[in-house]
Amino acid sequence: MRVLIVFTFFVLAIVSFVACEGAPTKNIDSPEIVKTSGVSEISPEEARPAVEAAYSQFVDVRTPEEYAAGHANRTRNIPLDTLMANLDKLEKNEPVYLICRSGSRSKKAAQILVDNGFPQAISIAGGTEAWKSAGLPMQE
């Protein structure tokens, strides 16, 4: 009888350990909108929760002049033609959200990031024009 109790306890301990071992963790400060690696494209509405998170990387790849004329809130300006020289300013292991005027340059920028070892680069479909049309926060 005693052997059966010890055996049952042992089995329960192993099951409990294995069940807890595989529990996923999630960084609550950085919502994971895009689950695939590589280049992705999402709408401004889909991007908003992620780019408003505390530690998001939201990059406007337009020229400094375009950026100064108005840009989505919380973006930082790294023009497409200087992106390669500024890769060290971005965290490689976190998603990078990219925006331009209409979506073309941000797709190019996303591909550059992926080609340089960034696992997730997300282009905002329609760019700043779509962001503004959706009524999302802008800095003028």
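Because the structure is a prediction, the values reported are computed rather than measured.

S.K.: Sorry, what's going on with unusual backbone geometry here?
M.R.: Peptide bonds are trans in most cases, and residues, glycine excluded, mostly fall at negative phi. For Arg74, which is not glycine, the phi dihedral falls at a positive 70 degrees. Among the secondary structure elements, Arg74 is positioned in the loop between strand 3 (71–72) and strand 4 (76–77).

S.K.: Would you mind showing me how to read the nonpolar core here?
M.R.: Side chains that are nonpolar tend, in soluble globular proteins, to be buried together. Core analysis: the largest hydrophobic core is formed by 14 residues, its most contacted members being Val59, Leu83, Leu90, Val96, Leu98 and Leu113. Going through the elements one at a time, strand 5 (96–99) and helix 4 (104–115) are the ones with two or more residues in this core. Of all the elements, helix 4 adds the most residues to this core, at 3 residues. With near-sequence residues (within four places) excluded, Leu83 lies in contact with Ile78, Leu90, Ala109, Ile112 and Leu113. Ranked by size, the runner-up nonpolar core spans 12 residues in total, among them Ala50, Val51, Phe58 and Trp131.

S.K.: Whenever I open this one, the pattern of salt bridges confuses me. Can you help?
M.R.: Two side chains bearing opposite charge may form a pair once their charged atoms approach each other closely. If you walk through the whole model with that rule in mind, you get 5 salt bridges. Its salt-bridge partner being Arg105, residue Glu66 comes within 2.8 Å of it at the nearest N-O pair. With Glu66 in helix 3 (residues 64–68) and Arg105 in helix 4, the pair connects residues that are 39 residues apart, well separated along the chain. Its relative accessible area of 22% is what places Glu66 among the partly exposed residues. Measuring nitrogen to oxygen at the nearest pair gives 2.7 Å for the salt bridge that ties Glu129 to Arg101. Taken together, the residues span a long stretch of sequence, with Glu129 in helix 5 (residues 127–133) and Arg101 in the loop between strand 5 and helix 4 at a distance of 28 residues. Glu129 gets classed as partly exposed once you look at its relative accessible area, which sits at 42%.

So, how was this worked out
Residues numbered from 1 in each chain as written. Predicted model: local features only at pLDDT ≥ 70, side-chain atom pairs only at ≥ 80, totals over all residues. Heavy atoms only, no water. Helix = DSSP H or I, 4+ residues; strand = E, 2+ residues; numbered from the N terminus. Core = buried A, V, L, I, M, F, W, Y, C linked by side-chain atoms within 4.5 Å. Buried < 20%, exposed > 50% of the residue type's maximum accessible area, 1.4 Å probe, protein only. Contact = heavy atoms within 4.5 Å. Salt bridge = Lys/Arg side-chain N within 4 Å of Asp/Glu carboxyl O.

Functional significance is not addressed by these values, which are geometric in nature.
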